Amino acid sequence: MAKSDSFFIRAKVTVTGVTYNQTEIDLGSFVNLGVSKSTLLRVHNIQAQYMDNDDKSAMIYYDGGIPGGIVRWQLCTQTQAALTDAADKSFISGGAYAQASTTGVLVQTADESADMNLHEWSQGYLVGVDSLFLGADSSATWDSGAIDVIVVMECTLENATQANSVALALSQQ
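Here the structure is a predicted model, which is why all the values come from computation and not from measurement.

A few words now on the overall build of the protein chain. The helix and strand inventory of the protein chain stands at one helix and nine strands. Sequence-ordered secondary structure for the protein chain, helices as α and strands as β, is β-β-β-β-β-β-β-β-β-α. Total accessible area computed for the protein chain in this model is approximately 9000 Å², and 50% of it derives from carbon and sulfur atoms.

What follows concerns the sheet that holds strand 3 (residues 39-52). Taken together, four strands build an open sheet; the order of strands is 1-9-3-7 and the sheet is antiparallel. The sheet terminates laterally at strand 1 (7-15) and strand 7 (125-127), the two strands that pair on one side only. Across the sheet, the axes of successive neighbouring strands diverge by a mean angle of 40 degrees, strand direction being ignored. In terms of strand pairing, strand 1 meets strand 9 (residues 147-159) through nine bridges, oriented antiparallel. Bridge assignment links Phe7 to a residue of strand 9, and that residue is Cys155.

Right, let's get into the pairing of strand 8 (residues 131-138). Strand 8 sits mainly inside the fold: eight of its eight residues count as buried. The alternating pattern of strand 8 places Ser131, Phe133, Gly135 and Asp137 and Leu132, Leu134, Ala136 and Ser138 on opposite faces, both of which are buried. Two elements, strand 2 (residues 21-26) and strand 8, share six bridges in a ladder whose sense is antiparallel. Within the sheet, the bridge partner assigned to Gln22 lies in strand 8 and is Gly135.

Note on aromatic pairs: each is described by the distance of the centres and the angle between the planes. Applying the stated criterion across every chain, the model contains three aromatic pairs. Measuring from centroid to centroid gives 5.1 Å for Tyr50 and Tyr97, while their planes differ by 35 degrees, and the two rings are tilted. Residue Tyr50 is located in strand 3, and its partner Tyr97 is located in strand 5 (residues 91-100); the two are separated by 47 residues in the primary sequence. Judged by its relative accessible area of 11%, Tyr50 is buried. Classification of Tyr97 by relative accessible area gives buried; the value is 15%. Among the aromatic side chains, those forming a connected cluster through ring pairs are Tyr50, Tyr97 and Trp142.

Below, the discussion takes up the pattern of salt bridges. Inspection of the entire model under this criterion finds three salt bridges. Taking the shortest distance from any N to any O, the salt bridge between Lys12 and Asp148 comes out at 4.0 Å. With Lys12 in strand 1 and Asp148 in strand 9, the pair connects residues that are 136 residues apart, well separated along the chain. One salt bridge in this structure joins Lys56 and Asp148, with 2.7 Å as the shortest N-O distance.

Attention shifts here to the nonpolar core. Of all hydrophobic cores here, the largest spans 32 residues; its most connected members are Ile25, Leu41, Trp73, Leu75, Val127, Leu132 and Met153. Put simply, the parts of the chain that give this core at least two residues each are strand 1, strand 3, strand 4 (68-76), strand 5, strand 7, strand 8 and strand 9. Looking at this core, the element that brings in the most residues is strand 9, giving six residues. Beyond its immediate chain neighbours, meaning those up to four positions away, Ile25 contacts Ile9, Ala11, Leu75, Asp130, Ser131, Leu132, Leu134 and Met153.

Rules behind the numbers
Along each chain, numbering runs from 1 in the same order as the chain's sequence is written. Side-chain atom pairs in this predicted model are given and counted only at pLDDT of 80 or more, local residue features only at pLDDT of at least 70, and totals for whole chains, interfaces and linings cover all residues. Computation of side-chain values covers all heavy atoms of the structure but excludes hydrogens and water. Secondary structure elements are defined from DSSP: runs of H or I of at least 4 residues count as helices, runs of E of at least 2 residues count as strands, and each element is numbered from the N terminus. All accessible areas in this document rest on Shrake-Rupley with a 1.4 Å probe, and a residue is counted as covered only by the protein chains that are shown. At least two DSSP bridges between two strands are required for those strands to pair. The angle between two axes is taken between their N-to-C directions and runs from 0 to 180 degrees, where each axis is a line fitted to C-alpha atoms and a helix contributes only its stretch in contact. When accessible area is computed with a 1.4 Å probe and restricted to protein chains, residues below 20% of their type maximum are described as buried, those above 50% as exposed, and intermediate ones as partly exposed. Pairs were defined over the aromatic rings of Phe, Tyr and Trp, the Trp ring being its six-membered one, requiring ring centres within 6.5 Å. Orientation was assigned from the angle between planes: stacked under 30 degrees, edge-to-face over 60, tilted for the rest. When a carboxyl oxygen of Asp or Glu is within 4 Å of a side-chain nitrogen of Lys or Arg, the pair counts as a salt bridge. Among the buried residues, those of types Ala, Val, Leu, Ile, Met, Phe, Trp, Tyr and Cys that are joined through side-chain atoms within 4.5 Å form a nonpolar core. Whether two residues touch is decided by their heavy atoms; if any such pair falls within 4.5 Å, the residues are in contact.

Keep in mind these numbers describe shape, not what the thing actually does.
Below, the structure is given as structure tokens:
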């Protein structure tokens, strides 16, 4: 198989307070290792969305006091018990949604930021595992309630070659 046309994989994890939560993304129908022609997944782009869990049209807000709240998410090739950082070789990408406290007369707008420069991959991120793990945590319990973190990944499939197998081994997934 040559490189495939791109397709999208979607996943969602819900943050309900200050407890780390993660969901498994099954790649078993995409990644096939150990067969005569192994297939790998290449993630080209990741976009994140933050939504109120109860009301998709509602605003996410934090009134809990200064300095505010932050929701962080991460996508990893191995299960995690807590947030990690880019030094962990299982870490693929991550991002954050922050808001200063809206308590008092000063209302701050929310700020979405990327922990990794998501669009800087020149050839995508090669994946050779059966599952990915989308995890998220928050610095506080948000007044608006539970928050869904949804990611959409643009992916392609490709045959394993000596070159991309070396690249995969070097990334130490």
